[in-house]
Amino acid sequence: MPLHPAAPHDLPGLVQAYCQTVQAVIDIGRSCSDRDFDKPTVYDGWTVKDQVSHVVGVEQWLSGSPLPRVPVPDYRHVRTERDRARESMVELRRRMIGSKVVDELEGVLTKRMMQLDDPELTLETEVKGVGGPAPVGDVMRERIMDIWTHEQDMRQALGRPGGLDAPGAAIFMDTLCAELPRLVARDAGIDPGNVVIFDITGPVVGRAGVRVEVAEDGSPLGTPLFTGTVHEHPEDGQVTSITLSTDAITRRAAGRGSLGDIHYTVQGDEEVALRVLQALPITH
């Protein structure tokens, strides 16, 4: 079953989704008190305000600003040089009041939208990305996923659920479904002959499956199975179905919390399901 609502794949749709996702973070920030900004989130070491600071810092850097040169303490969650560079954006704003950080994000969004309004841009135009130069379509999808994930971190900390049927959610789910063959066959190491099916109950609704086969070199190969091709009774192996909500699967795929923090049901091999769910994170 195709995902519903469907994720945008054209550049205007991605730009609109990007704007909507950043605006959602701004809107949440506008509703926060000083105490709200100080609430810890599931992302280790970051408060609600720190989440906004991170979004501001990355988008400002992508718009052309240099990385801030500020000393970063040896926080527990800073383990690599990339972590330290990312943390510098947050550290720069640690003494700012939350509302001013939100003001900054509003200004950065205006600048980014002006850059993305270039009529010469196509999906394949190479632009600055977090991991280096990349096609703008790929950069947009990556940024929407990241910002939407941090929006959900903020909502969880504040007890204000929402945004689970937004374009950001659909893009996250679309990306995850594309990664499932690799996650099931290679990362989870599920044996050939097995079929793993995900039933997503919503608000982004969909069904995606993977049959594990043997590649020419003898390694496990995941083959995607969608509408009309999901076979409930493979000739060999076993079907394992995992049913969970959009919130549960995206929280797990974002590496937030443990398996004990989400609700899911399994029909079939519990061990297969556990291994797949453990291998599910595609971002952190």
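Here, the structure is the one placed above.
The text that follows walks through the structure, step by step, so that each part is easy to find.

Conventions and cut-offs
Residues numbered from 1 in each chain as written. Predicted model: local features only at pLDDT ≥ 70, side-chain atom pairs only at ≥ 80, totals over all residues. Heavy atoms only, no water. Pairing = 2+ DSSP bridges. Helix = DSSP H or I, 4+ residues; strand = E, 2+ residues; numbered from the N terminus. Axes fitted to C-alpha atoms, helices over the stretch in contact; angles between N-to-C directions. Contact = heavy atoms within 4.5 Å. Buried < 20%, exposed > 50% of the residue type's maximum accessible area, 1.4 Å probe, protein only. Polar contact = N/O pair within 3.5 Å; in protein donor to acceptor, adjacent residues only side chain to side chain. Left-handed = near helix turned anticlockwise from the far one by under 90°. Nonpolar A, V, L, I, M, F, W, Y, C, P; charged D, E, K, R; others polar. Disulfide = S-S within 2.5 Å.

Points about the sheet that holds strand β7 (residues 265–267)
Pairing within the open sheet is mixed, and its five strands lie in the order β5-β4-β3-β6-β7. A single partner strand is all that each edge strand has here, and the edge strands are β5 (220–225) and β7. Going across the sheet, the axis of each strand differs from the next one's by a mean of 20 degrees, ignoring polarity. Helix α7 (residues 167–187) contacts β3 (195–201), β4 (205–214) and β5 of the sheet and is inclined by roughly 25 degrees relative to β4. On the sheet, helix α9 (residues 270–278) packs against β3, β6 (239–244) and β7 and is oriented at approximately 55 degrees with respect to β6.

As for the pairing of β5
Two elements, β4 and β5, share six bridges in a ladder whose sense is antiparallel. Looking at the pairing, V210 lines up with P224 of β5. The loop that links β4 with its antiparallel partner β5 comprises five residues; one of these, G218, has a positive phi angle of about 90 degrees.

Remarks on the pairing of β4
Bridge count between β3 and β4: seven bridges; the pairing is antiparallel. Across the sheet, the residue bridging to F198 is A208, located in β4. Linking β3 back to β4 in an antiparallel pair, the connection comprises three residues, with G202 at a positive phi of about 120 degrees.

A look at helix α4 (residues 81–91)
Three- or four-residue spacings in an α-helix give side chains the same orientation, since the helix completes a turn every 3.6 residues. For α4, the set of buried residues is D83, E87, S88, M89, V90 and E91. Close packing links the buried residues of α4 with α3 (48–62).

A word on the side chain of T240
By the secondary structure assignment, T240 is in strand β6. When its relative accessible area of 0% is taken as the criterion, T240 is described as buried. For T240, the side chain forms a polar contact with the main-chain nitrogen of D269, separated by 3.2 Å. With near-sequence residues (within four places) excluded, T240 lies in contact with V195, V196, I197, V266, Q267, G268, D269, V272 and A273.

With respect to the packing of helix α6 (residues 136–158) against α7
Remark: α6 packs on α7, axes separated minimally by 9 Å, with the N-to-C direction vectors making an angle of 115 degrees. Here α6 and α7 pass one another in a crossing that is left-handed. Two secondary-structure elements touch here, α6 through R141, I144, M145, W148 and T149 and α7 through G168, A169, I171, F172 and T175. Grouping the amino acids of the contact of α6 with α7 by side-chain chemistry returns six nonpolar, three polar and one charged.

Observations regarding the state of the cysteines
Throughout the structure, instances matching the rule amount to zero disulfides. Between C32, a free cysteine, and C19, which holds the nearest cysteine sulfur, the sulfur-to-sulfur gap is 19 Å.

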